[in-house]
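Descriptive structure summary
Listed below are the residues making up each chain.
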Amino acid sequence: MDELDRAIINELQGGFPVCDQPFAEVAARLHTTEQEIISRIGLLLKRGILSRFGPMYHAERMGGSLSLAAMKIPNSDFERVTEIVNAMPEVAHNYAREHALSMWFVLATETPREHAAALERIELKTGYPVYDMPKTKEYFIGLRFAA
Amino acid sequence: MTTEASLDEIDRRIVLATQSGLPLEPQPYHAVARQVGIAAEEVMVRMRRMLESGVIRRIGVVPNHYALGYKANGMTVWDVPDDRVDELGEKVGALNFVSHCYCRPRHLPDWPYNFFAMVHGHDRGEVEQLVRRIAGLIGDADRGHEILYSTRILKKTGLRIGG
């Protein structure tokens, strides 16, 4: 990454304009060209330094249901359960964490009913209880990482 | 609690066309408009409206924080009195190193924590230092806390709605 890559990452975590030629507007701010901005973003995505470029939608405000859930999975059974959980399209993220509750995943569904059904299926297929922890209040989301 | 904004069929088509990303071309909203079958101006008006109503949190880039060197990612969980969680949430959520901050239900007896704050650092030492700053803010309302470090990303696809 060079200076311009860092500048693009830092600038575009704060927002991207909605106008006819948004890349040109960003380019003017960063003293470069429209084409340079477009190709840099493409390369940063390809190299995995950026995981996304575009609008971030708020699931609940679209009527969807989003929840964090955890399970206590012994090491010896971890791979089997990971396979089952990851195979479910409702699971958006899944992380291994150092704790007795060792698997933490985010369930994203379009309705609360689908959410309950997905939890039930996970419990049935894995044989472990799910600790469902839907947020009851959100205080902040969206840190900007300094590149 | 969050309120639900009403999306019509055209909004939904815009969501479907953009949820995996914006096209990398000089006029990305025009490209979306062609895909959805409406005028570019209409796409922009609707996307601005969704930004305003919070349906779109923001438009921009999401860096892979591991790739930027933030290798220690700690989910910090706290047991705080229910009647103080909102006040503490506002304070802790305002810290510039906290990326997500929520109140969640406890699962007693084995899960006493009702307050979550995600903290990212270059190493665990840095995370622990940041957690001490959170503990300082929470003060005597801290009835116990833990840091759960992620050891592996098992899946990360982001949110998707169906077509």
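Before reading further, recall that the structure is shown in the block above.
Residues numbered from 1 in each chain as written. Chains lettered and ligands numbered in written order. Predicted model: local features only at pLDDT ≥ 70, side-chain atom pairs only at ≥ 80, totals over all residues.

1. As for the overall build of chain A
What counts, and what does not: Helical segments are the DSSP runs of H or I of at least four residues, strand segments are the runs of E of at least two, and each set is numbered from the N terminus. Computation of the radius of gyration draws on C-alpha atoms, with the globule rule given as 2.2 Å multiplied by the number of residues to the power 0.38. The exposure label follows from counting other C-beta atoms within 10 Å of a residue's C-beta, where the C-beta atoms are placed from the backbone and the thresholds are 20 or more for buried and 12 or fewer for exposed, leaving partly exposed in between. C-beta atoms are first placed from the backbone for all residues, and any pair lying within 7 Å is then listed as a contact.
Counting secondary structure elements, chain A contains 5 helices and 6 strands. Helices and strands appear in chain A in the N-to-C order α-α-α-β-β-α-β-β-α-β-β. Here the C-alpha atoms of chain A give a radius of gyration of 20 Å, more than 25% beyond the 15 Å that 2.2 N^0.38 yields for 147 residues. Principal axes of the C-alpha set define a box for chain A whose edges measure 55 × 35 × 25 Å. Expressed as a percentage of the 147 residues in chain A, the buried residues total 32%. Nonlocal contacts in chain A, meaning residues at least 24 apart in sequence, comprise 56% of its contacts between residues at least 6 apart.

2. Looking at the sheet that holds strand S4 (residues 103-109) of chain A
Defined as follows: Whether two strands pair comes down to DSSP finding at least two bridges between them. Lines are fitted to the C-alpha atoms to define the axes, a helix being fitted only along its stretch in contact, and any angle between axes, read from their N-to-C directions, falls within 0 to 180 degrees.
On the basis of which strands lie adjacent, the open sheet formed by 9 strands has the order S5(A)-S2(A)-S4(A)-S3(A)-S5(B)-S2(B)-S4(B)-S3(B)-S6(A) and antiparallel pairing. Because the sheet does not close on itself, it has two edges, and the strands there are strand S5 (131-133) and strand S6 (137-141) of chain A. Each strand axis lies, on average, 25° off the axis of its neighbour in the sheet, ignoring direction. As defined by bridge partners, strand S3 (residues 91-97) of chain A adjoins strand S5 (residues 145-156) of chain B across 5 bridges and the pair is classed as antiparallel. Opposite A:Arg97, over in S5(B), you have B:Ser150 as the bridge partner.

3. Remarks on the interface of chain A and chain B
Worth spelling out the cut-off: Note on residue classes: Ala, Val, Leu, Ile, Met, Phe, Trp, Tyr, Cys and Pro are nonpolar, Asp, Glu, Lys and Arg are charged, and everything else, Gly too, is polar.
In this complex, chain A contributes 60 residues to the contact, which on the side of chain B involves 63 residues. Of the residues forming the side of chain A that touches chain B, the biggest block, 8 residues, is contributed by strand S1 (residues 50-57) of chain A. For the side of chain A that touches chain B, a count of residues per class yields 31 nonpolar, 18 polar and 11 charged.

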